[in-house]
Amino acid sequence: GVIFKNNYWKSLAENFMDKFVAFQSEDGYWAEGHGPVGQYCSTTLAGVARMNRLYKKEKYNVALLKTFQYFYKISYPDFSFVELTDKRNHYNKFTLTWGFHGLSDTPEGRTFALKAIEANLINAKEFTGEGCARLLENYVYMKRGPIKTYKNWSGKQFLGNHSVFIRKNTWQINYSVNPVV
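Residues numbered from 1 in each chain as written. Predicted model: local features only at pLDDT ≥ 70, side-chain atom pairs only at ≥ 80, totals over all residues. Heavy atoms only, no water.

Q: Can you tell me about the packing of aromatic side chains, naming the residues and giving the values?
A: The tally for this structure, following the rule as stated, stands at 16 aromatic pairs. When the centroid spacing of 5.5 Å and the interplanar angle of 20° are considered together, the rings of Phe-16 and Phe-20 count as stacked. Here Phe-16 pairs with Phe-20, and both are found in helix 1 (residues 7-22), just four residues apart, close to one helical turn. With a relative accessible area of 52%, Phe-16 lands in the exposed category. A relative accessible area of 24% places Phe-20 in the partly exposed class. A ring pair is formed by Phe-79 and Tyr-150, whose centres lie 5.0 Å apart and whose planes are at 55°; its orientation type is tilted. Remark: Tyr-150 occurs in the loop between helix 5 (129-141) and strand 1 (155-159) and Phe-79 occurs in the loop between helix 3 (58-73) and helix 4 (107-123); sequence separation between them is 71 residues. Through successive ring pairs, a cluster of aromatic residues spans Tyr-29, Phe-68, Tyr-70, Phe-71, Tyr-72, Phe-79, Phe-81, Phe-100, Phe-112 and Tyr-150. Between the NZ or CZ atom of Arg-144 and the centre of the ring of Tyr-139, over which it lies, the distance is 5.1 Å. The ring of Trp-153 has Arg-167 lying over it, and the distance from NZ or CZ to the ring centre is 4.0 Å. (Phe/Tyr/Trp six-rings, centres within 6.5 Å; stacked < 30°, edge-to-face > 60°. Helix = DSSP H or I, 4+ residues; strand = E, 2+ residues; numbered from the N terminus. Buried < 20%, exposed > 50% of the residue type's maximum accessible area, 1.4 Å probe, protein only. Lys NZ or Arg CZ within 6 Å of the ring centre and 35° of its normal.)

What follows is the structure in structure tokens.
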């Protein structure tokens, strides 16, 4: 709608996103099947971040903040993420940081986003055209401002009533009764 200057298409996208953000879980992810799918939530984050750039709605800001809290919980100390491991996804340290510019409204979110993007650059085995475009999008739309000294969390983080992440020093253990996490 934006490129073709079609207001009808823009209104369809806005109506869809308004409904879509309403389906976000309290823990900050959008479920695929029965629950979260690790870092794949960044594809949804990218869409919400783009719509927030266009429409600047409070409900989009709330969704982005909840998404930051979700990614914060599922991050390892090296800024890779807990990931669904199955026949479709195999764990690796590559971090999918699509739309992380949407986390940059606060100094904490900005710092976290930059650390995750840095981990992406360090751990990527190769970059596709799409991957480069997503990194460029993050660079162009990342809000500039103060960067906080980042301190990794320790102790326990809960994701609903189905997952717990326990971290002590360099050790992290993840438990989930959810068949998708």
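Q: Could you give me a rundown of the pattern of salt bridges, with the residues and numbers involved?
A: Enumeration over the complete set of coordinates arrives at nine salt bridges. For the salt bridge of Lys-73 with Asp-27, the shortest nitrogen-to-oxygen distance reads 3.6 Å. Separated by 46 residues along the polypeptide, Lys-73 in helix 3 and Asp-27 in the loop between helix 1 and helix 2 (41-55) bring together distant segments of the chain. Summarising the burial analysis for this pair, Lys-73 and Asp-27 share the class buried. Between Arg-53 and Glu-137 there is a salt bridge, with the nearest N and O atoms lying 3.8 Å from each other. Taken together, the residues span a long stretch of sequence, with Arg-53 in helix 2 and Glu-137 in helix 5 at a distance of 84 residues. On the accessibility criterion, Arg-53 (26% relative accessible area) is partly exposed. We classify Glu-137 as buried; its relative accessible area is 11%. Through salt bridges with shared partners, a single ionic network connects Glu-14, Asp-18 and Lys-57. (Salt bridge = Lys/Arg side-chain N within 4 Å of Asp/Glu carboxyl O.)

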